[in-house]
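# Chains, contacts and geometry: an overview
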Amino acid sequence: MAFDIEMIKKVYANFGPRVEAARKLVGRPLTLSEKILYTHLWDENTNTSYVRGTDYVDFAPDRVAMQDATAQMALLQFMQAGRPKVAVPSTVHCDHLITAKLGAEIDLPAANTESKEVFDFLASVSNKYGIGFWKPGAGIIHQVVLENYAFPGGMMIGTDSHTVNAGGLGMVAIGVGGADACDVMAGLPWELKFPKLIGVKLTGKLNGWTSPKDVILKVAGILTVKGGTGAIVEYFGDGATGMSCTGKGTICNMGAEIGATTSTFGYDESMERYLRATNRADVADAANEIKEHLTGDAEVYAEPEKYFDQLIEIDLSALEPYLNGPFTPDLATPISKMKEVAAANGWPMKIEVGLIGSCTNSSYEDISRAVSVARQVAEKGLTAKAEYCINPGSEQIRFTIQRDGFMDVFNQIGAKVFTNACGPCIGMWDRVGSEKQERNTIVHSFNRNFAKRADGNPNTFAFVGSPELVTALAIAGDLSFNPLTDTLTNNKGEQVKLDEPTGSELPANGFAVDDAGYQQPAADGSGIEVLVSPTSHRLQLLDPFTPWEGSDLKGLKLLIKAKGKCTTDHISMAGPWLKFRGHLDNISNNMLIGAVNYFNDKTDDVKNSLTGEYGPVPATQRAYKAAGIGSIVVGDENYGEGSSREHAAMEPRHLGVRAVLVKSFARIHETNLKKQGMLGLTFVNKEDYEKIQEDDVIDITGLTTFAPNVPLIIVLHHTDGTQEEFPVNHSYNAQQIEWFKAGGALNIIRKQVKS
Ligand code: F3S
């Protein structure tokens, strides 16, 4: 499906020499992760050996993937760059905006009506700028990427945290915000802190009820939701090569649940089989030619403790199936202990719904193993006790499993087949009765199980397991059921035991699909119009931000002095606001409404110093903007932590805030502010935060000689006529100062493209 074999061949042509150069530079054998990172440095001629966990490095990813929710602002921004086409192969996948309720046949047309303008915009902007577009119903981004685009040794970024799924095909694939995707599509480098490395050595072989899912559920139990932060998890060992490519994808997918930057596996025969089965024999042939470079060096895997920052070993032969949850994916309980643990914690034992599929577990192997369990309902005279739902990962998977008769088996146990989309996994599940907020238990093969994630009900206890275990539990309807040891009573009153699941890694008759749902972009998009209605509430074309006026900023109002935690969620709240993520002016009505005002301890209640009255933050800022007066936001420690949401930087910029002055920044947010042409400043002396008073008029001086490592000056004009001044730091390099002067990074690219 239009994967770019020429691009892949180009990457591979230089791979060997670049790995060799990196090995010399670093002075030791290399892990796979390091090989991929060093072969994707922006500066090919670097002679720096980077310090893991410390150095910030510019990379040149091979691909960009975007889902429909995050793609909107990424592409609206990309349009600002003025390029005729994206700089690297990119795709858009419509999977997040489809509510699961009655089944695909009804839900998909409903979504196509409800979000028509968003889908039309994404289709037209993709068509114009050379971006592959996957229509609603075509599938879930990560499954479609694995089936079509992922390739061993490649580097990809994607605007979704489970982009990491592509590590199953030997990539370094990383979830980012829309601003990063925009930069890479516009031809800019992409910056990442050089990750630390966690090695996971897999020995033995999976057997019986145990599946790849149980590997990551076990790892999550060991490392917890924070244990992978800032690190790439690299799996190796005979246990790794003995498992399917799609199983590796599942393991990498849930690397997001341990906070890992990404996870990856070395190229092996399972990947070759998968590439050939998915119509990419030429990629497999190309990978085979350099296969010694597409895995870690032998010395590394022989003595891993010398080369990884942390090492974990798991014997797959002894691994038990796990069920993780509720409310967190790292609460790992082996199925043999669940009865006892659930009783001790008072978790509701009756299982209401079992759900399989999602981007995490939609492979042919997953579904065939689940079907081997489901089939036993009829064979052994059982009745499935819980509801059962399926979210196929792609149309190709759905079509193939339908052809192979699996859907008939699922239908026999009353399964509901939702659209090939995220649905319940992202909370887009219109579950009957969830508004009653009753305590209940569900089991699913997705990745996340935080409170409210699936159905919005904080009292839904969600447990994560393999599709085959989820199926067994849905049949039993009982959380304490262990299919390895327990029996079920069948319709004749007999005790029967479920047989171990069996399945096929790949379909014996190959994959098939009628209409995959792909739109190839126009070869020349110059005449194509991007569809955005001027009266739309959900989409708005962006205007370039104005350049710096060339003088110091004087007479700024204090918009808010935020107290304590101020995350990107406080700055640009999610939930109901997400529907406006493609409309900067409308979403700006959530700006800083979650931040606590230092002067009255209230949220969304600040003083308008033009009128003396208190009111919402966005309305107050709009009043300053209307009066042509700039403002400043003051914040506490780690301001802007949380997500890479670019709206948190764009909204203040759009509404006329000129600077954000804080005790410390979360780095990604600080960079996002810089990209938007904002001033992000930090107190030299953190106590100066106390000097700022509610009615101060504020100047920022030193801008006419703005230079790296030279502090700027803040001057406070208090209402009593006194004045105080103090220095503030900034971390702008020469390039970033140019961004500030031009009014934003994209303004510079646009100028370059024109000239
Ligand atoms: Fe979608 Fe859930 Fe995956 S939201 S992308 S199916 S993690």
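Residues numbered from 1 in each chain as written. Predicted model: local features only at pLDDT ≥ 70, side-chain atom pairs only at ≥ 80, totals over all residues.

By the naming in an unreviewed UniProt entry, the protein goes by Aconitate hydratase A and is assigned to Pedobacter antarcticus 4BY. If you open the UniProt record of the protein and go to Cofactor (unreviewed entry), you find "[4Fe-4S] cluster". Under the Sequence similarities (unreviewed entry) heading, UniProt states for the protein: "Belongs to the aconitase/IPM isomerase family." (UniProt positions renumbered as here; feature names shortened; annotations may be inferred.)

### Brief notes about the overall build of the protein
Scanning the protein from terminus to terminus reveals 25 helices and 30 strands. A compact globule built from 755 residues should have a C-alpha radius of gyration of about 27 Å, and the protein, at 27 Å, falls within 12% of that. The principal-axis extent of the C-alpha atoms belonging to the protein is close to 90 × 60 × 55 Å. Relative to its full complement of 755 residues, the protein shows a buried share of 55%. Nonlocal contacts in the protein, meaning residues at least 24 apart in sequence, comprise 78% of its contacts between residues at least 6 apart. (Helix = DSSP H or I, 4+ residues; strand = E, 2+ residues; numbered from the N terminus. Rg over C-alpha atoms; globule rule 2.2 N^0.38 Å. Buried ≥ 20, exposed ≤ 12 C-beta atoms within 10 Å, placed from the backbone. Contact = placed C-beta atoms within 7 Å.)

### Considering unusual backbone geometry
Trans is the common state for peptide bonds, and a negative phi is the common state for residues other than glycine. Each neighbour pair has its own omega, and for Gly-325 with Pro-326 the value is 0°, a cis peptide bond. The backbone of Gln-437 shows a phi angle near 55°, a positive value even though the residue is not glycine. Here the phi dihedral of Leu-592 falls at roughly 60°; this positive angle occurs in a residue that is not glycine. Among the secondary structure elements, Leu-592 is positioned in the loop between α20 (584-587) and β23 (606-608).

### Focus on the site of the ligand
In the neighbourhood of the ligand, 13 residues make up the surrounding shell, with Ser-358, Cys-359, Cys-422, Cys-425 and Ile-426 lying closest. Classifying every residue of the shell around the ligand gives seven nonpolar, four polar and two charged. Both domain 1 (5-318) and domain 2 (322-334 + 343-496) contribute no fewer than three residues apiece to the shell around the ligand. (Near = placed C-beta within 6 Å. Nonpolar A, V, L, I, M, F, W, Y, C, P; charged D, E, K, R; others polar. Domains from an automatic or database assignment.)

### Examining the domain arrangement of the protein
In terms of domain boundaries, the protein breaks down into domain 1 (5-318), domain 2 (322-334 + 343-496) and domain 3 (553-754). For domain 1 versus domain 2, the distance between C-alpha centres works out to 27 Å. Listed as interface residues are 39 residues of domain 1 and, on the opposing side, 42 residues of domain 2. Here the element with the most residues in the side of domain 1 that touches domain 2 is helix α8 (residues 212-223); it accounts for six residues. Among the residues making up the side of domain 1 that touches domain 2, the classes are represented as 14 nonpolar, 17 polar and eight charged.

### Observations concerning the sheet that holds strand β28 (residues 697-701)
On the basis of which strands lie adjacent, the closed barrel formed by seven strands has the order β22-β25-β26-β27-β30-β29-β28 and mixed pairing. Taken pair by pair, the neighbouring strands of this sheet meet at an average axis angle of 40°, ignoring direction. Sheet analysis places strand β25 (residues 631-635) next to strand β26 (residues 657-662), joined by five bridges and oriented parallel. Across the sheet, residue Ile-632 finds its bridge partner in β26, namely Ala-659. (Pairing = 2+ DSSP bridges. Axes fitted to C-alpha atoms, helices over the stretch in contact; angles between N-to-C directions.)

### Structural notes on helix α15 (residues 364-379)
Taking 1.5 Å of rise per residue, 16 residues should cover 22 Å, and α15 covers 22 Å from first to last C-alpha, within 8% of that figure. Of all 16 residues that make up α15, 14 are buried, and the element is covered over most of its length. Where α15 terminates, the next one or two residues include Gly-381, which has phi positive at roughly 70°. (Expected span 1.5 Å × (residues − 1).)

### Some thoughts on the pairing of β26
Most of β26 sits out of view: six of its six residues are buried. Taking the sense of rotation as the criterion, the β-α-β connection linking β25, helix α22 (residues 647-655) and β26 turns out right-handed. Taken together, the four bridges between β26 and strand β27 (residues 679-683) define a ladder with parallel strand orientation. By the bridge assignment, Leu-661 is partnered in β27 with Leu-681. What joins β26 to β27 is helix α23 (residues 667-675), and the crossover it makes is right-handed. (Right-handed = clockwise from strand over helix to strand, strands pointing away.)

### Focus on the confidence of the model for the protein
As a note on interpretation, predicted positions should not be read in detail where pLDDT is low. Summarising the model, the protein shows a mean pLDDT of 96, and 100% of its residues fall at 70 or more. Reported confidence for the predicted complex is 0.98 by ipTM and 0.93 by pTM. (pLDDT = per-residue confidence, 0-100.)

### Observations concerning the environment of Val-283
Relative to the elements of secondary structure, Val-283 occurs in helix α12 (residues 281-289). Residue class for Val-283 comes out buried when judged on the 26 C-beta atoms lying within 10 Å of it. When the C-alpha atoms of Val-283 and Glu-272 are compared, they prove to be 8.6 Å apart, with eleven residues separating the residues in sequence. Setting aside anything within four residues of it in sequence, one finds Val-283 in contact with Ile-5, Ile-8, Phe-151 and Leu-275.

### What about the sheet that holds strand β11 (residues 310-315)?
Spatial strand order, β10-β9-β8-β11: four strands in an open sheet with parallel pairing. Looking at strand neighbours, the two that pair on one side only are β10 (262-265) and β11, the edges of this open sheet. Sheet twist, expressed as the mean angle between neighbouring strand axes with direction ignored, is 20°. In this structure, strand β9 (residues 231-236) lies alongside β10, joined through four bridges in parallel fashion. The partner of Val-233 across the bridge, within β10, is Ser-263. Contacts between α8 and the sheet are confined to β8 (196-203) and β11, with β11 contributing the most and set at about 135° to the helix.

### Describing the pairing of strand β17 (residues 440-444)
Within β17, five of the five residues are buried, which leaves it mostly tucked inside the rest of the structure. Here β17 shows no split at all, with Asn-440, Ile-442 and His-444 on one side and Thr-441 and Val-443 on the other all buried. Note that strand β14 (residues 351-357) and β17 share four bridges and pair parallel. Residue pairing for β17: Gly-354 is matched across the bridge by Val-443. Inspection of the sheet shows β17 paired to strand β18 (residues 460-464) by five bridges, in the parallel sense. Bridged to Ile-442 within β18 is Ala-462.

### Describing the environment of Arg-653
Mapped onto the fold, Arg-653 is located in helix α22. Owing to 22 C-beta atoms within 10 Å, Arg-653 belongs among the buried residues under this scheme. For the pair Arg-653 and Thr-546, spaced 107 residues apart in sequence, the C-alpha to C-alpha distance is 9.9 Å. The contact partners of Arg-653, leaving out residues within four places of it in the chain, are Phe-545, Gln-676, Gly-677 and Met-678.

### Description of the UniProt feature "domain: Aconitase A/isopropylmalate dehydratase small subunit swivel" (unreviewed entry) in the protein
Here, the residues flagged by UniProt with the feature "domain: Aconitase A/isopropylmalate dehydratase small subunit swivel" (unreviewed entry) are residues 558-685. Between the C-alpha atoms that bound residues 558-685 the distance is 19 Å, and the span itself is 28% helix and 20% strand.

### With respect to the environment of Asn-288
In this fold, Asn-288 is placed in helix α12. Overall, Asn-288 belongs to the partly exposed group, with 13 C-beta atoms counted inside 10 Å. Sequence spacing of Asn-288 and Gly-525 is 237 residues, and the spatial spacing of their C-alpha atoms is 36 Å.

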